[in-house]
Amino acid sequence: MRSKEKATSLVIAHLAGVSQPTVSRALRGSPMVNEITRRRIEKIATELNYKVDKNASNLRCQHTGTLALLFFEDPASDDSLINPFFVSMLASITRACALRGYDLLISFQQPTNDDWQAGFEENKKADGVILLGYGDYLDYRTRLQHIVDRGTHIVRWGSAVSGQAEISVGCDNFQGGRDITRHLLERGARRIAFLGDALPSYPEFLERYRGYEAALVEYGIKPDQRMQVGAISSEQSGRAATQTLFERGGNFDAIACASDLIAIGAMKALQVRGLIVPDDILVAGYDDIPLAAFVNPSLTTVQQDTKIGGAMLVETLLRSIHNDEPVENQTIPVSLVLRHSTDRG
């Protein structure tokens, strides 16, 4: 190519031996283009000093180059009103957007706001929406169905639910509940309580409870409904649920909690009663929020990989937006983080 000629995607396609659409996909990071081809195209583009006209590309595709992230007000250990688990995930979502050349619009919503879903794609503020935290899922399911029917691209963090309209990305909550309960059983516990709302309204907690039940059955222990107390993800709720356990007789030697915040509240309630964790009662949480490593005793928990989770939310949403390939619900493996709250030495 003569130096005075302007580099175009057509020129790059000719030199790379591919079609122009393949060049466009490669330069926006589409997973449809294999790694070898993508690198060859990027090398040619660099040599020709080719720059993607982001504004022109967006106009052609009717894309804004922005993704929206919706947080919902949630109980927290400070005044942020943001679940600390989602704060950890924010960094990986931001990083994944930057790597794909997208801006991130963050919106903090109150659960009582009935119009949270309006305006993002319709007003061209964002190409799609990532939803983190939503309270009662059954309250939001109809609205999620409605915005999907309007063509809005949305990906939700959480457990897949039968018949859902939206795409979800989440960890294997059933396996996490089973693994942490197995750990407590291996540590000698036999009267294990579960703190968390095991209801369809809270599908993640419900799956963790089902895993807890499955582990008990594996050990020949019949689940006892009196050993399950509802709780939302907050320290206050964990303290109240533990108090309810004592009011029911207090015949337990371990507590499996549906979140770390519930577990931290449970440990505080036990300490008020003069009980020592783990000597008297084993306690385990779920999420592996940063605070879990610094409470006393440090908290055994189930780790949800926020780095992988955030990146997968972004990648799944972009596949949906660009229609590169069929988009399905994604499930991420979990792992146990063993600390002092279940270590009797």
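Described below are features of the structure shown in this document. (Residues numbered from 1 in each chain as written. Predicted model: local features only at pLDDT ≥ 70, side-chain atom pairs only at ≥ 80, totals over all residues. Heavy atoms only, no water.)

### Regarding the pattern of salt bridges
Let me state the cut-off plainly: Each reported salt bridge corresponds to a side-chain nitrogen of Lys or Arg within 4 Å of a carboxyl oxygen of Asp or Glu. Strands are runs of DSSP state E lasting at least 2 residues, helices are runs of H or I lasting at least 4, and numbering of each runs from the N terminus. For every residue, the accessible area obtained with a 1.4 Å probe (protein chains only) is divided by the maximum for its type, and the residue is called buried under 20%, exposed over 50%, and partly exposed between those limits.
Scanning all chains against the criterion turns up 17 salt bridges. E47 is paired through a salt bridge with K43; the nearest N and O atoms lie 2.5 Å apart. Separated by four residues within a single helix, E47 and K43 lie in helix α3 (residues 35-47), roughly one turn from each other. Judged by its relative accessible area of 55%, E47 falls in the exposed class.

### So, the pairing of strand β6 (residues 192-195)
Spelled out, the test is: When DSSP finds two or more bridges between two strands, those strands count as paired. Assignment of crossover handedness uses the view with strands pointing away from the viewer, where a clockwise path from the first strand over the helix to the second indicates a right-handed crossover.
Of the two faces of β6, the one lined by I192 and F194 and the one lined by A193 and L195 are each fully buried. Pairing of β6 with strand β8 (residues 254-257), which is carried by four bridges, proceeds in the parallel orientation. Residue pairing for β8: L195 is matched across the bridge by C257. The pairing of β6 with strand β7 (residues 228-229) spans two bridges and is classified as parallel. Counted as the bridge partner of L195 is V229 from β7. Of the crossover connections in this fold, the one passing from β6 over helix α8 (residues 203-218) to the parallel β7 is right-handed.

### Remarks on the nonpolar core
Here is a general trend for soluble globular proteins: nonpolar side chains tend to be buried in one another's company. Just so we agree on the cut-off: The definition of a nonpolar core used throughout is a set of buried Ala, Val, Leu, Ile, Met, Phe, Trp, Tyr and Cys residues joined through side-chain atoms within 4.5 Å. Residue contacts are defined here by distance: any two heavy atoms, one from each residue, within 4.5 Å place the two residues in contact.
Formed by 71 residues in total, the largest nonpolar core has its most connected members in L132 and W157. A per-element tally of this core places helix α10 (residues 260-272) first, with seven residues. Setting aside residues no more than four positions away along its own chain, L132 makes contact with L69, L70, F71, F72, F86, M89, I93, W157 and L313.

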